[in-house]
Amino acid sequence: MRKSPGARTLLLAAILLIILLATVSRTQQNVQGADRGTVRIKVDQVGYLPHASKLAVVDRSTATTFEVKRASDDRTMFKGVLGPPRSDADTGDSVQLADFSRLDQVGAYYVDVPGVGRSWTFSIRPDVYSRTCYLAMRAFYGQRCGTAVDLGGEFRGYVHARCHLKGEFHPSSGRPGEAKQIGGWHDAGDYGRYVVNSAITMGTLLWAFELFGPRLRSMKLNIPESGNGVPDTLNEARWNLEWMLLMQDEDGGVWHKQTSENFAGFVMPEDDHLPSKVIGTGQEPYKSTCATADLAAVAAIAARVYPPFDAKFAARNLEAARKAWFWTGKYPNVVFKNPPGITTGEYGDIECADERLWAAAELWRTTGEAVYNQYFVEHYREYQASLDRLTPEGWKDVAAMGLWTYALGARPESDSDALADIQNRTLRAARGIVERTRKSPYRVSLVARDFVWGSNAVAANYGMELLVANRMAGDPGFVEVALDNLHYLLGRNTFSISWVTQVGANPYHHPHHRPSGADRNPEPWPGLLAGGPNAGRQDPVLLNLPAGLPAAKVYADEQASYAGNEIAINWQAALVFLLAGVLR
Ligand SMILES: [Zn+2]
């Protein structure tokens, strides 16, 4: 076709536009380049609440002072003196604190230390954690199984098609044929679904809603159910709860997990065609006590939380919880081990009495029926010392959940000795954690023994423990130190890295997470918390790091590092709890 003069003008205009866009894009890159922080200054890259403590950790240098500058015009808004240099045994670092707590004006800032450089830009705002909380909770939607997922909007291209639409019973389940279990959340970087890990996850999330409901109630997640009149946190939690309920057999027992026989490759979920199998203990009664008691606890919480939004669903949960509880009375300690030929996560636990204690306490809190109180009062002493350890709870040790819920849900008929004992021990432990953290050069609650598989979950769970203690007896120190652990996760750590994907100016980039590895997006799926440093080194990447590294340094941002860089729903839930607890 012959070009008309009009077309030629259009072409010229298009070329000019391309040149203009290229210039603008280069300018933006330059701005970003100038904006680059140094890893030698460690800040919470999201930021700080206006009236909270604000500390940066700075590598030791000859500098004695620091300034906090406004990002928009580089104007100095605060001048301070660096704290004395201190050695941190867990990282091997020598660091100084920059305290700018008195700067409470809303804005975007960076810390500038002469001769060291400038930090990443961060904010001081009352709603500083809202977006991170949104992304962290919405990350569960990205983990949905049995349906198509599309993060849409600003996350165009973050999609997966319907997956794992068929289930079958593995011979170890005691049942032949096809299984109707579809749905739930992919547990972690893999596509398995595990009742035990789902339970601590759901307990943590539903508690977050119970404790911090007014703040979570208004959080819209932009998920398919949004706008149905139910708070989105509960909409999203229900997706996984429905699957957990499907894992309950007619006799009340709950099968332990639903996975393929071996882990799938690094493919999108819809491309994983390994049969998804409901797996049991391999002999009568085929279901496991830990999984069954865990479901009883979670369904009992759901029966408290959902009534204002869906009374029928709440009632279904209460019935499931009662049936599960009854089953655990008949089979008090049927433990699970991977049957021959199964190599996916085991979530094995030889002791299910703590799960039963948790279930009894949640059922008592929900129903007020004496039988559950009686069980709790007869058994809580076996676990009361677990509150003294200054170590948070986890998927395997849920006794603290049982003890705390008994105290948080006190009734006139509750045992007063038990209430006093739980409260005293919890507050004493929380004070111990606060004291210890204030002495830590990085102001984090983690100690050397905590740098295990999922150490970031341990940090988040210290935060949860402190916020639970704060609910029992308000103490600004508990909240301050809970925030310290959040600051650690969001960048105030030896790597000056944010351990939440797409959050902060210097986030990690390579989670062990199949959709992030298999899709074509340049960045991983947003809002996902990494496992964190792990001195146990249970993967080849960590094993290859230099020998003699201090515990807190045993980490590499590599996809192959499943023991250090995997995501998982249980630590994701602890992060949501911590964020929800400090929302304003
Ligand atoms: Zn799936």
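The rules behind each value
Residues numbered from 1 in each chain as written. Predicted model: local features only at pLDDT ≥ 70, side-chain atom pairs only at ≥ 80, totals over all residues. Heavy atoms only, no water. Donors = N, O, S within 2.8 Å, 3.2 Å for Na, K, Ca; no water. Tetrahedral: all angles 85-135°; square planar, octahedral: opposite > 155°, others 65-115°. Helix = DSSP H or I, 4+ residues; strand = E, 2+ residues; numbered from the N terminus. Buried < 20%, exposed > 50% of the residue type's maximum accessible area, 1.4 Å probe, protein only. pLDDT = per-residue confidence, 0-100. Contact = heavy atoms within 4.5 Å. Pairing = 2+ DSSP bridges. Core = buried A, V, L, I, M, F, W, Y, C linked by side-chain atoms within 4.5 Å. Salt bridge = Lys/Arg side-chain N within 4 Å of Asp/Glu carboxyl O. Axes fitted to C-alpha atoms, helices over the stretch in contact; angles between N-to-C directions. Parallel < 35°, antiparallel > 145°, perpendicular 65-115°, else oblique. Left-handed = near helix turned anticlockwise from the far one by under 90°. Nonpolar A, V, L, I, M, F, W, Y, C, P; charged D, E, K, R; others polar. Lys, Arg positive; Asp, Glu negative; His and termini not counted. Polar contact = N/O pair within 3.5 Å; in protein donor to acceptor, adjacent residues only side chain to side chain. Expected span 1.5 Å × (residues − 1). Patch = residues over 30% accessible without salt bridge, like charges linked within 9 Å, V, L, I, M, F, W, Y side chains within 5 Å. Areas by Shrake-Rupley, 256 points an atom, 1.4 Å probe, with all protein chains shown as cover. Phe/Tyr/Trp six-rings, centres within 6.5 Å; stacked < 30°, edge-to-face > 60°. Lys NZ or Arg CZ within 6 Å of the ring centre and 35° of its normal.

### Here we look at the coordination of the zinc ion
Surrounding the zinc ion are the protein donor atoms Cys145 (SG), Cys163 (SG), His164 (ND1) and His186 (NE2), at 2.0 to 2.4 Å. Seen from the zinc ion, its 4 donor atoms lie at angles of 100 to 117°, and the figure they make is tetrahedral. We note that the donor set of the zinc ion lies within a single chain, spaced as C-x17-C-H-x21-H. Here Cys145, found in the loop between helix 2 (130-142) and strand 11 (149-150), pairs with His164, found in the loop between strand 12 (159-160) and strand 13 (167-169); they are 19 residues apart in sequence, far enough to count as distant. Judged by its relative accessible area of 0%, Cys145 is buried. Assessed through its relative accessible area of 9%, His164 is described here as buried.

### A short note on the environment of Ile497
Here Ile497 lies in the loop between helix 12 (476-489) and helix 13 (514-518). Put simply, Ile497 and Val43 are 454 residues apart on the chain and 9.1 Å apart in space, counted from C-alpha to C-alpha.

### Here we look at unusual backbone geometry
Between Glu284 and Pro285 the backbone carries a cis peptide bond, its omega angle lying at 0°. The phi angle at Arg443 is positive, at roughly 55°, despite the residue not being glycine. Among the structural elements, Arg443 can be located in the loop between helix 10 (416-439) and helix 11 (455-472).

### Focus on the confidence of the model for the protein chain
Looking at the protein chain, the pLDDT average stands at 94 and 94% of residues meet or exceed 70. Within the model, the stretch residues 1-34 combines pLDDT values under 50 with 2 contacts to residues more than four positions away or in other chains.

### Focus: the pairing of strand 5 (residues 76-81)
Taken together, the 5 bridges between strand 4 (residues 65-70) and strand 5 define a ladder with antiparallel strand orientation. By the bridge assignment for strand 5, Lys69 is matched with Thr76. Remark: 5 residues form the turn of the hairpin made by strand 4 and strand 5, two consecutive strands paired antiparallel; Asp74 in that turn has positive phi of roughly 60°.

### Some points on helix 9 (residues 399-408)
Of all the 10 residues making up helix 9, 9 are buried; the element is thus mostly covered by neighbouring parts of the structure. Turning to helix 9, its buried residues number three or more, namely Ala399, Ala400, Met401, Gly402, Leu403, Trp404, Thr405, Tyr406 and Ala407. Against the buried residues of helix 9 lie helix 3 (195-217), helix 5 (289-305), helix 7 (353-367), helix 8 (370-379), helix 10 and helix 11.

### What about the nonpolar core?
Grouped together as the largest cluster of nonpolar side chains are 152 residues, with contacts concentrated most on Tyr129 and Tyr306. When residues in this core are grouped by element, the largest group, 13 residues, is from helix 3. Setting aside anything within four residues of it in sequence, one finds Tyr129 in contact with Asp44, Val46, Gly47, Tyr48, Leu49, Leu483, Leu486, His487, Leu490, Leu579, Val582 and Leu583. Ranked by size, the runner-up nonpolar core spans 20 residues in total, among them Met77, Tyr109, Val116 and Phe122.

### Considerations on the pattern of salt bridges
Should the charged atoms of two oppositely charged side chains come close, the side chains can pair. Using the criterion set out here, one finds 27 salt bridges in the structure. A salt bridge links Arg125 to Asp127, with the shortest nitrogen-to-oxygen separation between them at 2.9 Å. One continuous salt-bridge network, built from bridges that share partners, spans Arg175, Asp249, Asp251 and Lys287.

### A look at the sheet that holds strand 15 (residues 193-194)
Hydrogen bonding along the main chain pairs the strands of a sheet, whether they run parallel or antiparallel. In space, the 5 strands of this open sheet follow the order 14-13-17-16-15, with mixed pairing throughout. Since the sheet does not close on itself, it has two edges, and those belong to strand 14 (178-179) and strand 15, each with one partner.

### What to know about the packing of helix 7 against helix 9
One way to put it is that helix 7 packs onto helix 9 with a least axis distance of 7 Å and a crossing angle of 20°. By the angle between their axes, helix 7 is roughly parallel relative to helix 9. For the element pair helix 7 and helix 9, the recorded crossing hand is left-handed. Note on element contacts: helix 9 touches helix 7 through Ala399, Met401, Gly402, Leu403, Thr405, Tyr406 and Leu408, opposite Asp354, Leu357, Trp358, Ala361, Glu362, Trp364 and Arg365. When the residues that make up the contact of helix 7 with helix 9 are grouped by side-chain class, the tally is 9 nonpolar, 2 polar and 3 charged.

### Section: the sheet that holds strand 1 (residues 41-42)
A sheet is described by the order of its strands in space; here 4 strands give the open sequence 1-3-7-6, paired in antiparallel fashion. Looking at which strands have only one partner, the edges of the open sheet turn out to be strand 1 and strand 6 (86-88). In this structure, strand 6 lies alongside strand 7 (residues 93-99), joined through 3 bridges in antiparallel fashion. Note that in strand 7 the partner of Ser87 across the bridge is Ser94.

### Quick look at the side chain of Lys54
Considering the arrangement of structural elements, one finds Lys54 in the loop between strand 2 (47-48) and strand 3 (55-59). Buried Lys54, no salt bridge; nearest opposite-charge side chain is Asp104, N-O distance 6.4 Å. Here the side chain of Lys54 touches Ala52 through a polar contact of 3.0 Å, landing on its backbone oxygen. In terms of polar contacts, Lys54 uses its side chain to reach the backbone carbonyl oxygen of Leu103, at 3.0 Å. Not counting residues up to four positions away in its chain, the partners in contact with Lys54 are Tyr48, Leu49, Ala98, Asp99, Phe100, Ser101, Leu103, Asp104 and Ile124.

### Re helix 12
With 14 residues, helix 12 extends 20 Å from end C-alpha to end C-alpha; this agrees with the ideal 20 Å at 1.5 Å per step. The element helix 12 is extensively covered by neighbouring structure, given that 12 of its 14 residues are classed as buried. Buried within helix 12 we find Gly477, Phe478, Val479, Val481, Ala482, Leu483, Asp484, Asn485, Leu486, His487, Tyr488 and Leu489. Residues of helix 12 that are buried in the fold lie against strand 2, helix 10, helix 11 and helix 15 (569-582). Its side-chain oxygen at 2.8 Å from the backbone nitrogen of Gly477, Asp475 defines the N-terminal cap of helix 12. Gly491 occupies a position one or two residues after helix 12 and carries a positive phi of about 135°.

### Some thoughts on a nonpolar patch on the surface
On the surface, Val452, Trp453 and Tyr562 cluster together to form a nonpolar patch covering roughly 260 Å² of accessible area. Along the polypeptide, Tyr562 turns up in the loop between helix 14 (540-543) and helix 15.

### Some points on the packing of aromatic side chains
With the rule as written, the count across this model stands at 24 aromatic pairs. Ring plane angle 80° and centroid distance 5.5 Å describe the contact between Tyr48 and Phe100, whose orientation is recorded as edge-to-face. Placement of the pair is Tyr48 in strand 2 and Phe100 in the loop between strand 7 and strand 8 (107-113), with a sequence separation of 52 residues. The same class applies to Tyr48 as to Phe100, namely buried. Put simply, the rings of Tyr48, Phe100, Tyr109 and Phe122 pair up and form one aromatic cluster. In this structure, Arg118 packs its charged tip against the face of Tyr110, placed 3.7 Å from the ring centre. For the cation-ring pair, Arg238 lies above Phe313, with the distance from its terminal atom to the ring centre recorded as 3.7 Å.

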